[in-house]
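Spelled out from the first residue to the last, the chains are:
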Protein chains: 2
Amino acid sequence: MTNSYSIGIDIGGTNTDIGLVRADGCVVARNTLPTGKYYVADLYVADICDKIRELMAEMHVDKIEGIGVAAPMGNYYTGCIDNATNLNFRGITDLNALMHSHIDVPVVVSNDANASAYGELIYGGAKQMSNFITFTLGTGVGSGIVIGGKLLHGKTGNAGELGHAILIPGGRLCGCGRKGCLETYASATGIRRTALELMEKRPEYNGMLRDVPVDVLRSKHVGDAANAGDELALEVFAMTGNWLGIAMANAVAFSSPEAIFLMGGPVHAGEVLLKPLRESFNKHLCFVYDNSVDIRVSELPDNDVAILGAAALVHLAS
Amino acid sequence: MTNSYSIGIDIGGTNTDIGLVRADGCVVARNTLPTGKYYVADLYVADICDKIRELMAEMHVDKIEGIGVAAPMGNYYTGCIDNATNLNFRGITDLNALMHSHIDVPVVVSNDANASAYGELIYGGAKQMSNFITFTLGTGVGSGIVIGGKLLHGKTGNAGELGHAILIPGGRLCGCGRKGCLETYASATGIRRTALELMEKRPEYNGMLRDVPVDVLRSKHVGDAANAGDELALEVFAMTGNWLGIAMANAVAFSSPEAIFLMGGPVHAGEVLLKPLRESFNKHLCFVYDNSVDIRVSELPDNDVAILGAAALVHLAS
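An account of the accompanying structure is given in this report. (Residues numbered from 1 in each chain as written. Chains lettered and ligands numbered in written order. Predicted model: local features only at pLDDT ≥ 70, side-chain atom pairs only at ≥ 80, totals over all residues. Heavy atoms only, no water.)

## Focus: the relation of the copies chain A and chain B
Right, so step 1: Expressed as a screw transformation, the operator carrying chain A onto chain B has a rotation angle of 180° and an axial translation of 0.0 Å, and the superposed copies differ by an RMSD of 0.0 Å. Seen this way, the second copy is the image of the first under a two-fold rotation axis. Using C-alpha coordinates, one finds that chain A approaches the rotation axis most closely at Ile168 of chain A, a distance of 3.3 Å.
Right, so step 2: In this assembly the copies share their binding face: 100% of the residues contributing to the interface of chain A also contribute to that of chain B. (Least-squares fit on C-alpha atoms with pLDDT ≥ 70 in both. Contact = heavy atoms within 4.5 Å.)

Structure representation (structure tokens):
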């Protein structure tokens, strides 16, 4: 089956990445479209399908198993994108129907966090697992939940929005309009926010992060500073790890998974995040789950994870 | 199939209730053993099996589909009770094996909260549902999670311990040794605690709850006072409803259920709890789940819920 192929499409607000993926998880060819330039969904999908044909011709592949699409607000049940705020074509876009007017293979749509979990299951470190959770730290915090070997969609298709579970009641204001959501603390954006808060509280701090203009400061700077031994940056990651550890312990009390996988930019900071995270997780985990959960970093390469997750969705159709 | 029968056994620290349950959810006969008087598991189980035979003879039932046991720390995977702190026979009690040495029918063991969820599925208001959650408010807060029509057990068999999800990081000390667990706020014990805290903060309060000696005060008194219009008691339930609403909104962000069922003593306080609970739930629910979740009170009669939940477990075996 290593000569069977799927297409993975990762729709972002800026770019749409399209990859031809071999069954062993190798992205053999890829292309990109500028999502932001499209205001009409029909044209956008037609161009995606042209790119798919180009990739197939380029690699002399004449048959694909299906197309998986990871999209903001992508709905597994309907195959539509529902009112995504960062795309120019508003309302409900029936991706499944539009794709089928060009290419006659199964099309599976979901959101990016769910796709990442499925990528880990089909191509990554969760291959033998039937019960695990992924947390993706990015602009927000995405999560995907696999139970009984299947991605959990729930009644609405939006199960697994752990970034919007409330960690601190009455806490930081979230983009969703509520307060205290996990993603206001543990996302890349949350890390930046924690750093800025601490820097404001510590006027005497004169370390590396003061050299970065406030509007430029990102979680990457905080990670680099922490790894260079900057005390304030280390404190930021200690706080982030503590918050994330509580959220992960709470997730375990729900589904008692075999493992939790972490992915996304801030995870590359490494032990400055992972050490306090594990300590917090162990401290906050209810004793009935002691030693039952493996905390792991995703095994999928950063560059491929979005396309692989999307391509993995094709396996949901079979 | 209304002439098919199961046995439901609810093991509590004080009493063990045994019921003969008809397929339509009618408990046709029941009996009780004093759990606390047994220090040897073999004798305890032998006496339970004698009682089962008595019930069957009494009702002229010569065949049962199986035996369901709801026990503290009951483990679905092993059929054992694992180190329950409120039973005299410590360590691991292999209920499944002990039962089978007396009666040759399927035996299914789980904990009481999981059993309640299954009771709601088989005999109660969740009959047509495949995805729902139950919260049982008692000494602690128990929960059971059904996904895809099946009870969620997870890797350890202990999935669905939402009473031990941390609601307020660093909050009230819990019996499990951690801080801020939901059950320290939303259980019957938590309600008592909230009332005592408020009464201490309000020395000027001179209402109904002052007439109840502190060591006698229970959530039932608070419920009665709230329903009689006592302002402090109403405030206690407003706080309890607020906390429980957040926890329920967080649970929805996990599995996106069709419904959440509430059961247990404090729920009988009625609207003084349910109104602030619904308000908090709607306020704290992430917008993607708006209007997708039905908040309901269990339809199972209080007197039968434990036996029905246990008997329902038999359907897990088939």
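## Some points on the interface of chain A and chain B
Right, so step 1: The interface is formed by 40 residues belonging to chain A together with 40 residues belonging to chain B.
Right, so step 2: A buried area of about 3200 Å², summed over both sides, lies between chain A and chain B, and 68% of it is on carbon and sulfur atoms.
Right, so step 3: At the surface where chain A touches chain B, the tally comes to zero salt bridges.
Right, so step 4: Put simply, chain A and chain B have 18 residue pairs in polar contact (both at pLDDT 80 or more) between them.
Right, so step 5: Within the residue set of the side of chain A that touches chain B, elements represented by two or more residues are β10 (141-147), α7 (231-255) and α8 (271-284) of chain A.
Right, so step 6: The element contributing the most residues to the side of chain A that touches chain B is α7 of chain A, with six residues. (Buried area = accessible area lost by both parts, 1.4 Å probe. Salt bridge = Lys/Arg side-chain N within 4 Å of Asp/Glu carboxyl O. Polar contact = N/O pair within 3.5 Å; in protein donor to acceptor, adjacent residues only side chain to side chain. Helix = DSSP H or I, 4+ residues; strand = E, 2+ residues; numbered from the N terminus.)

## Structural notes on the environment of Ala306 of chain A
Residues and elements named next belong to chain A.
Right, so step 1: As for its placement among the helices and strands, Ala306 is situated in helix α9 (residues 305-312).
Right, so step 2: Among the residues examined, Ala306 registers a relative accessible area of 28% and is labelled partly exposed.
Right, so step 3: Here the alpha-carbon distance between Ala306 and Cys174, two residues 132 residues apart in the chain, equals 24 Å. (Buried < 20%, exposed > 50% of the residue type's maximum accessible area, 1.4 Å probe, protein only.)

## Side note on the packing of helix α6 (residues 219-227) of chain A against α7 of chain A
Residue and element names in this part refer to chain A.
Right, so step 1: Where α6 contacts α7, the two axes come as close as 7 Å, and the packing angle between them is 115°. Put simply, α6 runs roughly perpendicular to α7. Between α6 and α7 lies a crossing of left-handed hand. When α6 is examined against α7, the residues Ser219, Val222, Gly223, Ala225 and Ala226 are found in contact with a partner set consisting of Ala233, Leu234, Val236 and Phe237. (Axes fitted to C-alpha atoms, helices over the stretch in contact; angles between N-to-C directions. Parallel < 35°, antiparallel > 145°, perpendicular 65-115°, else oblique. Left-handed = near helix turned anticlockwise from the far one by under 90°.)

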